[in-house]
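Overview (structure and organization)
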Amino acid sequence: MDCYTANWNPLGDSAFYRKYELYSMDWDLKEELRDCLVAAAPYGGPIALLRNPWRKEKAASVRPVLDIYSASGMPLANLLWKSGPVVSLGWSAEEELLCVQEDGVVLVYGLHGDFRRHFSMGNEVLQNRVLDARIFHTEFGSGVAILTGAHRFTLSANVGDLKLRRMPEVPGLQTAPSCWTTLFQERVAHILLAVGPDLYLLDHATCSSVTLPGLAPGVSSFLQMAVSFTYRHLALFTDTGYIWMGTTSLKEKLCEFNCNIRAPPKQMVWCSRPRSKERAVVVAWERRLMVVGDAPESIQFVLDEDSYLVPELDGVRIFSRSTHEFLHEVPAASEEIFKIASMAPGALLLEAQKEYEKESQKADEYLREIQELGQLTQAVQQCIEAAGHEHRPDMQKSLLRAASFGKCFLDRFSSESFVRMCQDLRVLNAIRDYHIGIPLTYSQYKQLTIQVLLDRLVLRRLYPLAIQICEYLRLPEVQGVSRILAHWACYKVQQKDVSDEDVARAINQKLGDTPGVSYSDIAARAYGCGRTELAIKLLEYEPRSGEQVPLLLKMKRSKLALSKAIESGDTDLVFTVLLHLKNELNRGDFFMTLRNQPMALSLYRQFCKHQELETLKDLYNQDDNHQELGSFHIRASYASEERIEGRVAALQTAADAFYKAKNEFAAKATEDQMRLLRLQRRLEDELGGQFLDLSLHDTVTTLILGGHNKRAEQLARDFRIPDKRLWWLKLTALADLGDWEELEKFSKSKKSPIGYLPFVEICMKQHNKYEAKKYASRVGPEQKVKALLLVGDVAQAADVAIEHRNEAELSLVLSNCTGATDGATADKIQRARAQAQKK
Amino acid sequence: MGGWKHPARGGRGRWAKMAAHLSYGRVNLNVLREAVRRELREFLDKCAGSKAIVWDEYLTGPFGLIAQYSLLKEHEVEKMFTLKGSRLPAADVKNIIFFVRPRLELMDIIAENVLSEDRRGPARDFHILFVPRRSLLCEQRLKDLGVLGSFIHREEYSLDLIPFDGDLLSMESEGAFKECYLESDQTSLYHAAKGLMTLQALYGTIPQIFGKGECARQVANMMIRMKREFTGSQNSVFPVFDNLLLLDRNVDLLTPLATQLTYEGLIDEIYGIQNSYVKLPPEKFAPKKQGDGGKDLPIEAKKLQLNSAEELYAEIRDKNFNAVGSVLSKKAKVISAAFEERHNAKTVGEIKQFVSQLPHMQAARGSLANHTSIAELIKDVTTSEDFFDKLTVEQEFMSGIDTDKTYGYEHILTLHNLEKAGLLRPQTGGRNNYPTIRKTLRLWMDDVNEQNPTDISYVYSGYAPLSVRLAQLLSRPGWRSIEEVLRILPGPHFEERQPLPTGLQKKRQPGENRVTLIFFLGGVTFAEIAALRFLSQLEDGGTEYVIATTKLMNGDSWIESLMERPF
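Residues numbered from 1 in each chain as written. Chains lettered and ligands numbered in written order. Predicted model: local features only at pLDDT ≥ 70, side-chain atom pairs only at ≥ 80, totals over all residues. Heavy atoms only, no water.

**Concerning the overall build of chain A**
Spelled out, the test is: Strands here are runs of E lasting at least two residues and helices are runs of H or I lasting at least four, both read from the DSSP assignment and numbered beginning at the N terminus. Only protein chains enter the area calculation, which uses a 1.4 Å probe; residues under 20% of their type maximum are buried, those over 50% are exposed, and those in between are partly exposed. Residues are treated as being in contact if the distance between any of their heavy atoms lies within 4.5 Å.
When you go through chain A residue by residue, the secondary structure sums to 33 helices and 29 strands. Classification of the 839 residues of chain A by burial places 53% in the buried group. In chain A, 49% of the contacts between residues at least 6 apart in sequence involve partners at least 24 apart.

Below, the structure is given as structure tokens:
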């Protein structure tokens, strides 16, 4: 155990710091780090080196080289820098390399040196040039802050959604600040800068002068500033060799330290882990590394080589030409277990397990000791947790073995945390591997989440590993395997040396119907690379028409888009394609296309009905659809023609169309209507009043009501209204008029073709019993009973029914016998019935 | 509870009070209602700040069934307007939200609203909520009109199937029948398929799909296709429905034309039920106890909501109207007896108990009074000569007697529409298949028991609706027995299976009924619904039905939707 804590360095009484090697670097750097612009992404991300930057003493004739390496020094990209002079490099949260040029243009590159895009930091920056620049990370994304030659700051808090903000001026500022940094408070980015002994804080509107609480006097200049990973803490290094540490609110000092070195440090970064009370900063000079915190003594390391510090969530990475190390505060669980002479439950459990392996009974003693204190659960948890913080697999194993051993003696211990830790460590060990080179700690991994880690593997084109991890962790396909395969496919379509067929087949073989894979995304990528044919092939595999169709339209494959839209049943999609086609094709071709797609054609007809009537006519014409043409002209006749002549003419066209459609009925009806219209017009002229657009029957009725009986009869003859119907019309009209005299005359004009019962009914409807009775006597025998009942003559009805010997009629009369008055009649019927039965 | 048979399985609390009319059935449709309400709230919250809603008027009815004004108010909706041209009314709100169906003509109006917005006034944010689906076509139109960029949120609100009752869903899409069968426009079928996908997301994949008709086939195809689109999200909901039956309205064009003779059916035939509300002539509802003040009769129509939340209505709605009177009078006796109880209440405890029941009793009395009035109104109609004649003609029609009717020229386009829809056929000889169908499916029953029915034909006092008979035969003994008739009826009949993961396969308890979702494409009548409910409640029926449709309709509203008058 002694050797294990050999690299532990105490800082004060309560914390230990240790530094261990992550990798011995594989890169073969020809230059010194100090001659390069360096950017290393957090969370074990890639390292970018821009060699040969634009230094005044060097000739600008040699083109600089941009190299990108993994954290283990494996080369990822190498390209000649052909653009302008670069002031600063930095990585975005998506692991894109931002190269800030002197002219304020920011070039964005992918991990593999592929150019993505560029944007400018604005005119003011262009004019005054970039003096210094920082790339910073916030919860919203990655930002860029620029110090211009005019000593003004411009920043964008999120380069994904570029909004430039020019910060207010510092009054009277003549020289560049000696140091500056971005702060992030209450969701807003600020700038803190030091000029001589003064500090200024810039927010978007104001510039305020600030002071550090408890700062020792005598400072005439600040040489370095450092903000912690979480933006909570701030450290400043003064020209007196004094380090002030406090909160970024500038309200509270945490501690101070005098290192007695007045030389400006090369780098200063915070080194603390989440939820730890210890605060420390790491300061680096040319050959010296110092860890200082709230303790009288500091920890000192000698740097053999030119080194570079990368702040992380829970520590600091330090890399040089030959090594890559991690420096951090020893986590609590590890400290408990491994501290010399520790009696913590985890420490005892680890001992117990070791003794157990040696088959020593001491194992039992240790175990008993833990159990007596009731701390076995805690012991197991401690071992699991400590395992997570170990970098070396053998140590992880030994701690997990101890946890597993302890677990056996617990009744109710959910093994979930144990299993999960085993899984997490397996993933972590895989990605820390030298070939992959992502040296994430457990805390960083948890902060980053597995989803982001998978994204990063995809970004590095490590598809098989990503898929293995998904399968191993049993992630849902949509979030896991499918997504990765889709990314792989998007990469695959960019391989220009492989034929369309082969790429499409390869992709479909791998992806098949994997849920959640968007073939249209892949196709869009293929189209983006200029491979339209491949895109179309890929779209064949896309089940979602909503995705398929717009892309086909974009690729000008409208007819294919149309058939896909129709297949989907989504009419909105069909309409969209149709309107697209309409603009794209000439009218003839468009109509031809429609002809082959009946569903599209009927939809388009609907569209035209509401939006383009003339086109509708053309469509019917094209199809020789005379029936619909007829209907069309009828509508037109009434909708758009004002004058009667125009209406009749339109109806004539309609009638012709109906004849062509062999719809004799409609044609005849239309011709009749034309005749009627003309006649109605004449009636209006001659008689006045409203006739137009009345139906034939209503015209007749109106005529009768107006006393034009002759005209009415003439009209009936002209339009061959059957006699029966004419009688009905006349009867109803006269009764409505209450012209009983005329009605009676009419009834006697000849024998009624509809009998006389309707006369009775209609009189009764008008409550004229007197008139009704006149007709009741004339009703034929088979309806006589009904007629008599209608006029209320129950007694006579009974007589007739008895005479007829009709059982149905008898019952009808009987059901009409009400009250005392009809009692005699009812008896009479009963008697008649009885007699009938006797016979 | 009258002569209505009760389902044997207890504990369902079918008649539970509260407004829980959606959760009484085998399938808790409140889940759907809650889901759509949540979606609405989420959208409203996206538009932060005070808001005014501009309504496509057609949507207000259906929306009323899922969200009252109070819900909107809670989400800072302060004003509501009806969508119409020119300038929007003044409203001191931050957001203006248009709730519209995706129709081009509505887009034109919206554009007019937006363009005439007063630039000098305070800036307001515009949003559009498309119901039930966002439309590229409409967005293109807005773009052409130069206003697309004015909208901050353009979203869709997939309100396809609206829960009307515990076993009833409707899309309330008025034009669905016309579009599908006359204009070959599948839009509403697409919405139906989408609605079914939503249902399946909430209630599990439906393992078996049956269907009859061209449209049914298309909806099934779309569903299968959509399922393929969603393969990513494995549905892990335990299936509630056993079967889906998709039925084309044009398989049975006859039924809706017959006059419905159930209580609810008659209310609809005579007064028209809209989004579960009916407006009635006010005379019969005059407050009786108003004393001197009661001389003025109310002029405004009486508006009542009709659903199974009302205990009495749930009991009588599906009865043949001739069986309603006796239930009402029995009920009246029970209620007045209950009120008499107060004379027997002697101890404080007894009085307390009586008082605690009072609100329920008063509600029951109010409900009884309402339905007695409605029944009187209906009776006035059904006992009239006209009604009797119409019914006689109808019933003769069912047996194939020719009727001679004449139409004016204004109906020429309508006639053509009806012919296209298959409702009319020119007399051109050919075989009349109706007798075969009538005999095989026993569509005409001579001995009908209206009081205690034994067959679905009670809903039309003799005629058994073909559509429901098809459903009944599907459940037992299966369609194979009527292949012949199915072939005569228009459109294909089919069966599809949607495989379930083994964990979700149902093991039916002995005696447990199957649940069938029956979807009428093109509309359904209340009488058909009543017939299906009757089947659901048969002791040995074996199947319970949940009914979905594109539109709740009757013969009049249906023909109305097909009418086209040139003048």
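**Thoughts on the pattern of salt bridges**
To keep it simple, the criterion reads: Every case where a carboxyl oxygen of Asp or Glu lies within 4 Å of a side-chain nitrogen of Lys or Arg is listed as a salt bridge.
In this structure the tally under the stated criterion is 80 salt bridges over all chains. With a shortest N-O distance of 3.1 Å, Glu771(A) and Lys774(A) are connected by a salt bridge. Of this pair, Glu771(A) and Lys774(A) both sit in helix α29 (residues 769-776), 3 residues apart, roughly one helical turn. For Glu771(A), a relative accessible area of 7% gives the class buried. The residue Arg103(B) makes a salt bridge to Glu105(B) at a minimum N-O spacing of 3.9 Å. Using a relative accessible area of 35% as the deciding quantity, one classes Arg103(B) as partly exposed. Three or more residues are tied together by salt bridges with common partners; here these are Asp165(B), Asp167(B), Glu264(B), Arg317(B), Asp318(B) and Arg533(B).

**Structural notes on the environment of Thr238(A)**
All names here are of chain A. Filter applied, for reference: In protein, a polar contact means a hydrogen-donor-capable atom and an acceptor-capable atom, both N or O and within 3.5 Å, with residues adjacent in sequence counting only if both atoms are side-chain atoms; elsewhere, any N or O pair within 3.5 Å suffices.
Structurally, Thr-238 can be placed in strand β20 (residues 233-238). Overall, Thr-238 belongs to the buried group, its relative accessible area being 0%. Between the C-alpha atoms of Thr-238 and Ala-216, which are 22 residues apart in sequence, the distance is 9.9 Å. Each residue touching Thr-238, except ones within four places of it in the same chain, is listed here: Leu-215, Val-219, Ser-221, Phe-222 and Leu-223. Among the polar contacts listed, one links the side chain of Thr-238 to the side chain of Thr-240, at a separation of 2.5 Å.

**As for the UniProt feature "coiled-coil region" (unreviewed entry) in chain A**
This is how the line gets drawn: UniProt positions are given in the numbering used here, feature names are shortened, and annotations may be inferred rather than shown by experiment.
In this numbering, the UniProt entry assigns the feature "coiled-coil region" (unreviewed entry) to residues 349-376 of chain A. The span residues 349-376 of chain A is 75% helical and 0% strand by assignment, and the distance between its end C-alpha atoms comes to 8 Å.

**A closer look at the side chain of Thr5(A)**
Examined against the element boundaries, Thr5(A) turns out to sit in the segment before β1 (8-11). Here Thr5(A) is in contact with Phe338(A) and Ile340(A), once residues within four sequence places are set aside.

**Re helix α27 (residues 740-749) of chain A**
Each α-helix winds once per 3.6 residues, and so residues spaced three or four apart point in a common direction. All names here are of chain A. As a reminder of what qualifies: Our arc is simply the arc of the directions from the helix axis toward the C-beta atoms.
By the burial criterion, the buried members of α27 are Trp-740, Leu-743, Phe-746 and Ser-747. Buried residues of α27 fall within an arc of 115 degrees about the axis and therefore sit on the same side. Pointing more than 90 degrees away from the buried face of α27 are the exposed residues Glu-741, Lys-745, Lys-748 and Ser-749. As for α27, its buried residues are in contact with α26 (723-737), α28 (757-765) and α29.

**Overview of the interface of chain A and chain B**
The condition that has to hold: Two parts placed together each lose some accessible area; with a 1.4 Å probe, that loss summed over both constitutes the buried area.
Across the contact, 40 residues belong to chain A and 31 residues belong to chain B. For the pair chain A and chain B, the two sides together bury roughly 3,100 Å², of which 57% comes from carbon and sulfur. Taken as a group, Pro543(A), Asp572(A) and Tyr638(A) account for 15% of the area that chain A buries against chain B, more than any other trio of residues on that side. Viewed at the interface, chain B and chain A are joined by 2 salt bridges. Across the pair Arg225(B) and Glu567(A) runs a salt bridge whose closest N-O atoms are separated by 3.6 Å. Inspection of the chain A/chain B interface yields 13 residue pairs in polar contact (both at pLDDT 80 or more). A total of 7 residues in the side of chain A that touches chain B trace back to one element, the largest contributor, which is helix α19 (residues 598-611) of chain A.

**Considerations on the sheet that holds strand β10 (residues 273-274) of chain B**
Residue and element names in this part refer to chain B. Inclusion rule: For two strands to be treated as a pair, DSSP must find no fewer than two bridges joining them.
With respect to topology, 3 strands assemble into an open sheet ordered β10-β11-β12, the strand pairing being antiparallel. Edge positions in the sheet fall to β10 and β12 (302-305), since each has one partner strand and no second. Alignment of strand β11 (residues 277-280) against β12, held across 4 bridges, turns out to be antiparallel. Each residue of the ladder has a partner; that of Lys-279, found in β12, is Lys-303.

**Structural notes on helix α12 (residues 500-511) of chain A**
Residue and element names in this part refer to chain A. Put simply, the rule reads: Here, expected helix span is obtained from the residue count minus one, scaled by 1.5 Å.
Its 12 residues place the ends of α12 16 Å apart at the C-alpha level, agreeing with the 16 Å of an ideal helix rising 1.5 Å per residue. For α12, the set of buried residues is Val-503, Ala-504, Ile-507 and Leu-511. On an axial view of α12, the arc spanned by its buried residues comes to 95 degrees, and they lie on one face. Of the surrounding secondary structure, the elements contacted by the buried residues of α12 are α11 (481-492), α13 (519-528) and α14 (532-539). Taken from the residues just after α12, Gly-512 is the one with a positive phi, measuring 50 degrees.

**Things to note about a negative patch on the surface**
Stated precisely, the cut-off is as follows: Like charges within 9 Å and nonpolar side chains (Val, Leu, Ile, Met, Phe, Trp, Tyr) within 5 Å are joined into patches, using only residues over 30% in relative accessible area that form no salt bridge. Computed with the Shrake-Rupley method and a 1.4 Å probe, the accessible areas treat only the protein chains shown as cover for residues. When charges are counted, Lys and Arg contribute as positive and Asp and Glu as negative, whereas His and the chain ends are disregarded. Here the site of a charge means NZ on Lys, CZ on Arg, CG on Asp, or CD on Glu.
On the surface, Glu42(B), Asp45(B), Glu76(B), Glu78(B) and Asp92(B) cluster together to form a negatively charged patch. Since its relative accessible area comes to 41%, Glu76(B) is described here as partly exposed.

**Quick word on the packing of α27(A) against α29(A)**
Geometry of a packed helix pair, given as the angle between the helix axes and the separation of the axes. All names here are of chain A. Put simply, the test is: Here an axis means a line fitted to C-alpha atoms, over the contact stretch when the element is a helix, while the angle between two N-to-C directions is reported on a 0 to 180 degree scale. What sets the label is the angle itself: under 35 degrees gives roughly parallel, over 145 gives roughly antiparallel, 65 to 115 gives roughly perpendicular, and the rest give oblique. Residues are sorted three ways: Asp, Glu, Lys and Arg are charged, Ala, Val, Leu, Ile, Met, Phe, Trp, Tyr, Cys and Pro are nonpolar, and all the rest, Gly among them, are polar.
Axis separation between α27 and α29 bottoms out at 12 Å; the angle between their running directions is 5 degrees. One way to sum up the angle between α27 and α29 is to call them roughly parallel. Here Trp-740, Leu-743, Glu-744 and Ser-747 of α27 come into contact with α29, specifically with Glu-771, Lys-774 and Tyr-775. Among the residues forming the contact of α27 with α29, the class breakdown is 3 nonpolar, 1 polar and 3 charged.

**Regarding the pairing of strand β24 (residues 280-284) of chain A**
Residue and element names in this part refer to chain A. Counting buried residues in β24 gives 5 out of 5 residues, a clear majority hidden from the surface. Burial along β24 is two-sided: the residues Ala-280, Val-282 and Ala-284 and Val-281 and Val-283 are all buried. Where strand β23 (residues 267-270) and β24 come together, 4 bridges link them in antiparallel fashion. If you follow Gln-267 over to β24, its bridge partner there is Ala-284. Sheet analysis places β24 next to strand β25 (residues 288-293), joined by 5 bridges and oriented antiparallel. Across the sheet, residue Ala-280 finds its bridge partner in β25, namely Gly-293. Turn length for the β24-β25 hairpin, with the two strands adjacent in sequence and antiparallel, is 3 residues.

**What to know about the packing of aromatic side chains**
All names here are of chain B. To keep things clear, this is the line we draw: Any two of the Phe, Tyr and Trp rings considered here, Trp counted by its six-membered ring, make a pair once their centres fall within 6.5 Å; the pair's planes then place it as stacked at under 30 degrees, edge-to-face at over 60, or tilted in between.
As enumerated under the stated definition, the model contains 40 aromatic pairs over all chains in all. Ring centres of Phe-43 and Phe-99 lie 6.5 Å apart, and the angle between their planes is 70 degrees; on these two criteria the pair is classed as edge-to-face. With a gap of 56 residues between them, Phe-43 in helix α1 (residues 30-46) and Phe-99 in strand β3 (residues 95-100) connect regions that are remote in the sequence. Neither residue differs from the other here; Phe-43 and Phe-99 are each classed as buried.

**Things to note about the packing of α11(A) against α12(A)**
Residue and element names in this part refer to chain A. At a closest axis distance of 10 Å, the pairing of α11 and α12 adopts a crossing angle of 170 degrees. Of the possible angle classes, the one that applies to α11 and α12 is roughly antiparallel. Only Val-503, Ala-506, Ile-507, Lys-510 and Leu-511 of α12 make contact with α11, whose side of the interface consists of Leu-485, Ala-486, Trp-488, Ala-489 and Lys-492. Residues that form the contact of α11 with α12 fall into these classes: 8 nonpolar, no polar and 2 charged.

**A closer look at unusual backbone geometry**
The linkage connecting Val131(B) with the following residue, Pro132(B), adopts the cis geometry, with an omega of 0 degrees. When you line up the elements, Pro132(B) lands in the loop between β4 (125-130) and α5 (136-144). Residue Pro477(B) is bonded to the preceding Arg476(B) through a cis peptide linkage, with omega at 5 degrees. The backbone phi angle of Ala341(A) is positive, close to 60 degrees, even though this residue is not glycine.

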